[in-house]
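Descriptive analysis of the structure
One-letter residues, chain by chain:
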Amino acid sequence: MRWLSSSWRACGSSMVVVSFAACMGQTGGSAPATTTMASSQGQTEQVLRGRAIVVSNACGDCHGQGGNPAGPGWLAGWKSPQQDFPIGPFMTRPRNLTPDSATGITRYSDRQIFNALRFGLRPSATPDVEITSSVPGQGNHPAKPNYLAPTMPWVAWRHMSDADLRAIIAYLRHGLKPVSNKVEDSQAPPDFWASENTAEKIGPYPVAPHPTANEVAGQGDQAKVLRGRALVITKDCAGCHGGGPNPLAKGYLAGMTDSTGEFKIGPFKTRPRNLTPDNTTGIGRFSERQIFNALRFGLRPGETPDVEITSTTPGQGNFPAVPKYMAVPMPWPTWRHMPDEELWAIAAYLKNGVKPVSNKVADSEGPPDFWASEYTVAKIGTHPPAPFPTTNERAR
Amino acid sequence: MTPSATLLTVLALLGSPAMLAAPDARELPEGPSRPDSDILLSPPSLANISRVPRTVEVKLTAAETKLSILPGKISDVFAYNGKLPGPTLEVREGDRVIVHFTNDLPVETTVHWHGMHLPYESDGSPFHPIPPGGKRVYTFTLRPGSAGTYWYHPHPDHKTGYQIAKGLYGAIIVRAPDDPLPATLTEKLLILSDNRFQPDGALDFPDPHSSEGLTDRENGRECAVILVNGRVMPTIDIRPGEVQRWRVINASAARIFRLAIPGQTFVQVGTDGGLFEKPVEMNEILISNSERVELLVRGSGKPGETTVLQTLPYDRYVPQTRPVDWNKPRDVLKLRYTTQPPAPPVVIPAMLRSIPAIDTTKATVRRNITLSAGLINGKTMDMSRVDVTAKLGATEIWEVENIVGMDHPFHLHGFQFQLLDRNGVPEKDRRWKDSINVPKHETARFVVRFDNHPGLWMLHCHILDHEDHGMMAILEVK
């Protein structure tokens, strides 16, 4: 997406901008945890499961076409310098994720891709072995790891289940048509980003149990709250909204605290809000339905009636005639592809599972249409996404 | 913005060494007595057709007509009794008011008596629309202590902004038998508004789906041409040293006026529900939509000089739709110092009146009212839904919180209230209000007593485009 690169460019001076349109998450721990490909039906289910995860986790926001599998160049990677993400002095570039043998992922084993998603290890520079520790130098974890560039939010993705990661891999390898697109190598500092990926910066793996000091237990439906927590962590909401995918972190979900958290989208400054349930500065006053409507329809909760939205077309049903959309780069166009129950679980966690923090975030700027022209079907695709397989995809 | 509540400072401001009013100070002439089209004219008063003592009975008709607003251009307007602004309803505390209203418009309308404490049936709310050709009699009695500046305007569902922009607004002046300000002060009525015109003089209402229409919907229809009593940049003549009493009404749909005269201060003596307890010296005065202020303005220039009343930049907007020229001051009217000899000094009392406090310890209900973009408590208005129910006779404390990044001027029908604090900072002075600006992300708390008049009352944002799109809720007092 066009805005993605511009926003990253703006953040280039900050080395640790983890995420924003970051992508990821688990779609449903309820799907069958198929880890073998014993049957073709099992494989198809795994591919579809992986597709749902990829679509609803914004992989395409960097790797091509957002959450729209029908878009040209879906997951085919960097196409032009417009899509460079400068991190400090280093140009980083989203790879081609299609199964092309020369330019895509075909050269890597499932295990290497798994190790990339779980441990952040570059498949091209990491032995094809099972990694037995998350600590560099321990077990099979390389003593001098060569990490993916920090724009890639593996730090959040790693908290997905093994089954979800394998489903993603199955989709990339078997559900996509190969596209030949050679992406220039990303640049990196001499430590290959190791200093950005210390335990102190990225938090523990696995994630600290609920509740941390930033969280509250015992309010609301706990199963739902915990499910929402897992989603908030694996979607890396806090990558922009404060603290990263680590509920122990200072300022977890409490919103932007200084201008380094700001995005510059063209002439506009946009700012990640405080997602804690503080009544004055956070989301405390919004209903779970308003939060749902934000994630599904992109509608700003404070400025949208607390009603069930019955259409996706402005002016039809309950959809506001003049919608107030959330600012770019909030990746709701991909989040909206999560199933209802996942969005409700996220709302339940934010309202009931997080401690309120008072942190007033200045309003985001934006165009007079409140970003409506950025959220046309032509730009963000349809909801629900086009059925599998699109012209970019293949079914066995 | 320094409050100056003592007699001495008021006198100092007024530049008077004397402690006594000049015995010969009579009402001063309204500037040169020549036909001068750019002189600020006050609307005429409605004629009282009643012979009954303490009764004011008037006829008011709304109709389509053609008037000149821009020099040399004719505009199709709606007008009360053919005037824009409508004629002033001048009454006294204790008067019984009877208004025989006729709707000669091609559309339904109402007349809302903004700020008045009156029976529900006479409020002119959307509950009592008057069809084209229809009539309605509005009756109400003015309470002791209610002297002040109010206004009247249409309030039909979804069409208020359009009808006011077309020209339907007028002033109400309620006078007190014991007004503490010297009767010798020249009084001026300034009804502030703005409008937008096509080159031929026609009023300009953009297609609601155009970008201008969408911006109007967001910001309210804030227009480039500023009007005072329906005229562009009129002149007020003031004698050097003279003190004038200005009653100012913000009748604009969306423009918040931040009034200032370069190099001099005002003394604010009143607001929505009448005079303050004590005069306050101000460098500038913010008047949000539908608010009123009473000011004392001193002719502090030299004979023959002119100055301007300006509205200074005020950022009430969301960043998305802030006008490009929002940060430029705009001239509102010209103030011209006459060549008459300096006026004798005037004494302004340090204490204007006593305003009884509504007893907050008697408050039985505390309510939160949340304002956001087009919504009150997360909802748009539904005429069939009561949003807030209050007991007749109850004292309540309302906390009105604006949770979005645009100012929303809040108006409650039927009941004057007393502001307690803003963002937790207590108000210094007690005042009667019916309209307050709630700036972006701020909170205002007030106390109100629903002492009588059961019925359905509106509470809403007075940016008329917001109101018309449903930023309104219904209070039932029963």
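Quick caveat: nothing in here was measured; it's all calculated off a predicted structure.

Quick notes on the rules
Residues numbered from 1 in each chain as written. Chains lettered and ligands numbered in written order. Predicted model: local features only at pLDDT ≥ 70, side-chain atom pairs only at ≥ 80, totals over all residues. Heavy atoms only, no water. Helix = DSSP H or I, 4+ residues; strand = E, 2+ residues; numbered from the N terminus. Rg over C-alpha atoms; globule rule 2.2 N^0.38 Å. Contact = heavy atoms within 4.5 Å. Lys, Arg positive; Asp, Glu negative; His and termini not counted. Charge placed at Lys NZ, Arg CZ, Asp CG, Glu CD. Buried < 20%, exposed > 50% of the residue type's maximum accessible area, 1.4 Å probe, protein only. Buried area = accessible area lost by both parts, 1.4 Å probe. Salt bridge = Lys/Arg side-chain N within 4 Å of Asp/Glu carboxyl O. Axes fitted to C-alpha atoms, helices over the stretch in contact; angles between N-to-C directions. Parallel < 35°, antiparallel > 145°, perpendicular 65-115°, else oblique. Nonpolar A, V, L, I, M, F, W, Y, C, P; charged D, E, K, R; others polar. Domains from an automatic or database assignment. Polar contact = N/O pair within 3.5 Å; in protein donor to acceptor, adjacent residues only side chain to side chain. Pairing = 2+ DSSP bridges. Disulfide = S-S within 2.5 Å. Phe/Tyr/Trp six-rings, centres within 6.5 Å; stacked < 30°, edge-to-face > 60°.

A few words on the overall build of chain B. Looking only at helices and strands, chain B features four helices and 31 strands. Radius of gyration (C-alpha) of chain B: 21 Å, near the 23 Å computed for a compact globule of 478 residues. Its C-alpha atoms put chain B at 60 × 60 × 55 Å along the principal axes. In chain B, once contacts between residues fewer than 6 apart in sequence are set aside, the share between residues at least 24 apart is 77%. Distance between charge centroids for chain B: 3 Å, based on 52 positive and 56 negative side chains.

This brings us to the overall build of chain A. The helix and strand inventory of chain A stands at 13 helices and four strands. Here the C-alpha radius of gyration of chain A, 20 Å, is about what a compact globule of 396 residues would show, namely 21 Å. By its C-alpha atoms, chain A is 50 × 45 × 40 Å across when sized along the principal axes. Put simply, chain A has 396 residues, and 59% of those count as buried. Intrachain contacts of chain A at a sequence separation of at least 6 include 68% that bridge at least 24 residues. Mean positive and mean negative side-chain charge positions of chain A (39 and 32 charges, respectively) differ by 2 Å.

Before going further, it helps to spend a moment on the interface of chain B and chain A. Listed by partner, the interface residues are 16 residues for chain B and 20 residues for chain A. Roughly 1,500 Å² of surface becomes buried between chain B and chain A when both sides are summed, with 56% attributable to carbon and sulfur atoms. Viewed at the interface, chain A and chain B are joined by two salt bridges. A salt bridge links Glu218(B) to Lys324(A), with the shortest nitrogen-to-oxygen separation between them at 2.8 Å.

Residues and elements named next belong to chain A. Their axes nearest at 7 Å, the elements helix H8 (residues 222-234) and helix H12 (residues 340-352) cross at an angle of 100°. When the interaxial angle is binned, H8 and H12 end up roughly perpendicular. Where H8 approaches H12, its residues Lys224, Val225, Arg227, Gly228, Arg229, Leu231 and Val232 are matched on the opposing element by Glu341, Glu342, Trp344, Ala345, Ile346, Ala348, Tyr349, Leu350 and Asn352. When its residues are assigned to classes, the contact of H8 with H12 shows nine nonpolar, two polar and five charged.

The subject of this paragraph is unusual backbone geometry. Residue Pro206(A) is reached from Tyr205(A) by a cis peptide bond, and omega for that bond is -5°. Along the chain, Pro206(A) turns up in the loop between helix H7 (199-202) and H8. For the bond running from Leu84(B) to Pro85(B), omega is -5°, close enough to zero to count as cis. Residue placement: Pro85(B) occurs in the loop between strand S2 (75-80) and strand S3 (86-92). Here the phi dihedral of Ala58(A) falls at roughly 65°; this positive angle occurs in a residue that is not glycine. Tracing the backbone shows Ala58(A) in the loop between helix H2 (40-56) and helix H3 (59-63).

All names here are of chain B. What the domain assignment reports for chain B is domain 1 (7-30 + 182-337), domain 2 (55-175) and domain 3 (360-477). Computed over C-alpha atoms, the centres of domain 1 and domain 3 are 26 Å apart. Taken together, the contacts link 28 residues of domain 1 with 22 residues of domain 3. Roughly 2,000 Å² of surface becomes buried between domain 1 and domain 3 when both sides are summed, with 47% attributable to carbon and sulfur atoms. Counting across the interface, domain 1 meets domain 3 through five salt bridges. When the shortest N-O distance is used, the salt bridge between Glu277 and Arg430 registers 3.7 Å. On inspection of domain 1 and its partner domain 3, the count reaches 17 residue pairs in polar contact (both at pLDDT 80 or more). Classifying every residue of the side of domain 1 that touches domain 3 by side-chain character gives nine nonpolar, eight polar and 11 charged.

All names here are of chain B. Across the sheet, which stays open at both edges, the six strands sit in the order S22-S21-S24-S29-S26-S27 with mixed pairing between neighbours. Each having just a single partner strand, strand S22 (375-376) and strand S27 (425-426) make up the two edges of the open sheet. Relative to strand S24 (residues 395-402), strand S21 (residues 363-372) runs parallel, the two sharing eight bridges. In the strand pairing of S24, Ala363 is matched with Thr395.

Right, let's get into the pattern of salt bridges. Within this structure, the stated rule accounts for 47 salt bridges over all chains. A salt bridge links Arg173(A) to Asp110(A); its shortest N-O distance comes to 2.5 Å. One end of the pair, Arg173(A), is in helix H6 (residues 162-175); the other, Asp110(A), is in helix H4 (residues 110-119), with 63 residues separating them in the sequence. Classification of Arg173(A) as buried rests on a relative accessible area of 16%. The exposure class of Asp110(A) is partly exposed, given its relative accessible area of 32%. For Asp128(A), the salt bridge identified is with Arg111(A), shortest N-O distance 2.9 Å. Taken together, the residues span a long stretch of sequence, with Asp128(A) in the loop between H4 and helix H5 (154-157) and Arg111(A) in helix H4 at a distance of 17 residues. The class for Arg111(A) is partly exposed, based on a relative accessible area of 40%. Among the charged side chains, a network of salt bridges with common partners joins Glu90(B), Arg175(B), Asp179(B), Glu187(B), Arg245(B), Arg247(B) and Glu294(B).

We now examine the side chain of Arg173(A). All names here are of chain A. Here the side chain of Arg173 touches Tyr108 through a polar contact of 2.7 Å, landing on its backbone oxygen. Side chain to side chain, Arg173 and Asp110 meet in a polar contact 2.5 Å long. Ignoring any residue separated from it by four or fewer positions in sequence, one finds Arg173 in contact with Pro99, Ile105, Thr106, Tyr108, Ser109, Asp110, Ile113 and Arg394.

Residues and elements named next belong to chain B. For strand S31 (residues 472-477), the tally of buried residues reaches five of six residues, placing the bulk of the element in the interior. With three bridges connecting them, strand S23 (residues 388-390) and S31 associate as parallel partners. Across the sheet, Thr389 pairs through a bridge with Glu476, a residue of S31. Pairing analysis gives six bridges linking strand S30 (residues 455-461) to S31, with the strands arranged antiparallel. Residue pairing across strands places Leu459 opposite Ala473, the latter belonging to S31.

Quick look at the packing of H2(A) against H6(A) now. Residue and element names in this part refer to chain A. Contact geometry for H2 and H6: axes closest at 7 Å, N-to-C directions at 100°. Between H2 and H6, the angle falls in the class roughly perpendicular. The segment H2 lies against H6, with Gln43, Gln46, Val47, Arg49, Gly50, Arg51, Ile53 and Val54 engaging Ala163, Asp164, Arg166, Ala167, Ile168, Ala170, Tyr171, His174 and Gly175. Residues belonging to the contact of H2 with H6 are distributed by class as follows: eight nonpolar, five polar and four charged.

Here we take up the pairing of strand S18 (residues 292-298) of chain B. Residues and elements named next belong to chain B. Across the seven residues that make up S18, a large majority, six, are buried. Note: strand S15 (residues 266-271) against S18, three bridges, orientation antiparallel. Across the sheet, the residue bridging to Gly270 is Glu294, located in S18.

Time to look at the state of the cysteines. In this structure the tally under the stated criterion is zero disulfides over all chains. Summary of cysteine pairing: Cys237(A) is not part of a disulfide, and the nearest cysteine sulfur, belonging to Cys240(A), is at 9.1 Å.

A few words on the packing of aromatic side chains. Applying the stated criterion to the full structure yields 26 aromatic pairs over all chains. Ring geometry for Tyr147(A) against Trp154(A): centres 5.6 Å apart, planes inclined by 5°, an arrangement best described as stacked. Judged by centre distance (3.9 Å) and plane angle (20°), the rings of Phe417(B) and Phe446(B) are stacked. Placement of the pair is Phe417(B) in strand S26 (residues 417-422) and Phe446(B) in strand S29 (residues 443-449), with a sequence separation of 29 residues. Neither Phe417(B) nor Phe446(B) differs from the other in exposure class; each is buried.

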